[in-house]
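Secondary and tertiary structure notes
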Amino acid sequence: MNNQRRSFLRNSMAGGLVAVSVASGLLTPSRVLAAWPKAAFDSKDTKKSMKGLLGSETFEETNKIKLRTPDIAENGSVVPVTVKTKITGVESISVFALENARPLAISANMSAKARPVLATRIKLGKTSKVIAVVRADGKLYGATKTVKVTLGGCGG
Amino acid sequence: MAKKKLKVRASGKKGYAVIKAILFHPMETGLRKSKETGQVIPAHYIQEVSVKHNDAEVIKVNMGIAVSKNPYLSVEIDGAAKGDAITIGWLDNLGEEASTNVKVS
């Protein structure tokens with residue numbers, strides 16, 4: 001069999017799929033295919049980082065976001081965080097740990113097909129407020145929780 | 001064989017699928033100092049994780065240094081049914097990458 005032809009067919013099919021998705025607005029390049037936001041992740045300032053990443057440094061505190069973390073984390077290097085929300089039209093979910101050297105921990109860009117749920121584990125240098133920020137229809141919503149850390153996860 | 005770089009499980013629920021992944025990675029922050037030499041251990045961490053459902057990217061996760069070692073990630077995809085292909089891939093700050101393919105079960 002002609003292998004080159006096979007891979008050509010495969011590539012053209014994959015390319016076609018992406019083109020269709022972009023055209024239908026499911027995968028706008030700025031949302032899903034954006035490059036890693038270096039400035040936001042390198043920033044030591046939560047507000048600047050939030051502004052650079054999400055376009056605003058203020059958010060509406062809401063109880064529609066469920067931010068689940070332990071109240072006391074014995075080991076700061078592994079702190080489970082779960083963010084769940086009932087808000088519709090979610091574009092991204094981000095998690096900030098205010099006392100960390102680099103507050104922005106994780107940010108997930110969601111397309112329309114993703115359910116607004118994100119679970120992961122983060123490091124906390126010390127007792128810190130953790131903010132989950134959800135961007136939906138261009139607006140920011142947030143939920144805050146304080147996690148007490150008895151043993152730090154950064155430095156060492 | 002090289003060490004396994006990631007482990008993914010996708011389980012189908014009614015109308016959606018739950019994707020759980022563990023990415024094996026040191027997630028070195030670049031802020032830590034080695035106890036023996038006192039030198040800063042260079043940063044080495046995953047920056048991007050992409051979750052694809054049948055070749056269409058559904059979720060793109062950007063990670064910073066504050067994500068724990070061997071990151072765990074759980075997301076849910078609407079409309080993913082049994083037998084659908086889920087691809088998860090990561091890319092770190094040194095350009096290393098890995099990806100794997102699973103079927104929703």
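The structure presented is a predicted model; accordingly, all values stated were derived computationally and were not measured.

For the rest of this paragraph, the subject is the overall build of chain B. Scanning chain B from N- to C-terminus turns up zero helices and seven strands. Over its C-alpha atoms, taken along the principal directions, chain B stretches across nearly 55 × 30 × 20 Å. Taken across its 105 residues, chain B has 36% of its residues classed as buried. Long-range pairs, those at least 24 residues apart, make up 53% of the contacts in chain B between residues at least 6 apart in sequence.

It is worth spelling out the interface of chain B and chain A at this point. Chain B puts 31 residues into the contact, and the matching count from chain A is 35 residues. Here the side of chain B that touches chain A takes eight residues from strand 4 (residues 56-63) of chain B, the largest share from any one element. Within the side of chain B that touches chain A, the residues separate by chemical class into 15 nonpolar, eight polar and eight charged. Strand direction decides the pairing type here: strand 7 (residues 114-122) of chain A and strand 5 (residues 72-78) of chain B, joined by four bridges, are antiparallel. Residue T120 of chain A lies in a different strand from strand 5 of chain B, and its bridge partner there is L73 of chain B.

Read from one edge of the open sheet, six strands run 2(A)-4(A)-7(A)-5(B)-2(B)-1(B), paired in antiparallel fashion. The sheet terminates laterally at strand 2 (65-68) of chain A together with strand 1 (6-12) of chain B, the two strands that pair on one side only. Within this sheet the neighbouring strands show an average axis-to-axis angle of 10°, counted without direction.

Analysis parameters
- Residues numbered from 1 in each chain as written.
- Chains lettered and ligands numbered in written order.
- Predicted model: local features only at pLDDT ≥ 70, side-chain atom pairs only at ≥ 80, totals over all residues.
- Helix = DSSP H or I, 4+ residues; strand = E, 2+ residues; numbered from the N terminus.
- Buried ≥ 20, exposed ≤ 12 C-beta atoms within 10 Å, placed from the backbone.
- Contact = placed C-beta atoms within 7 Å.
- Nonpolar A, V, L, I, M, F, W, Y, C, P; charged D, E, K, R; others polar.
- Pairing = 2+ DSSP bridges.
- Axes fitted to C-alpha atoms, helices over the stretch in contact; angles between N-to-C directions.

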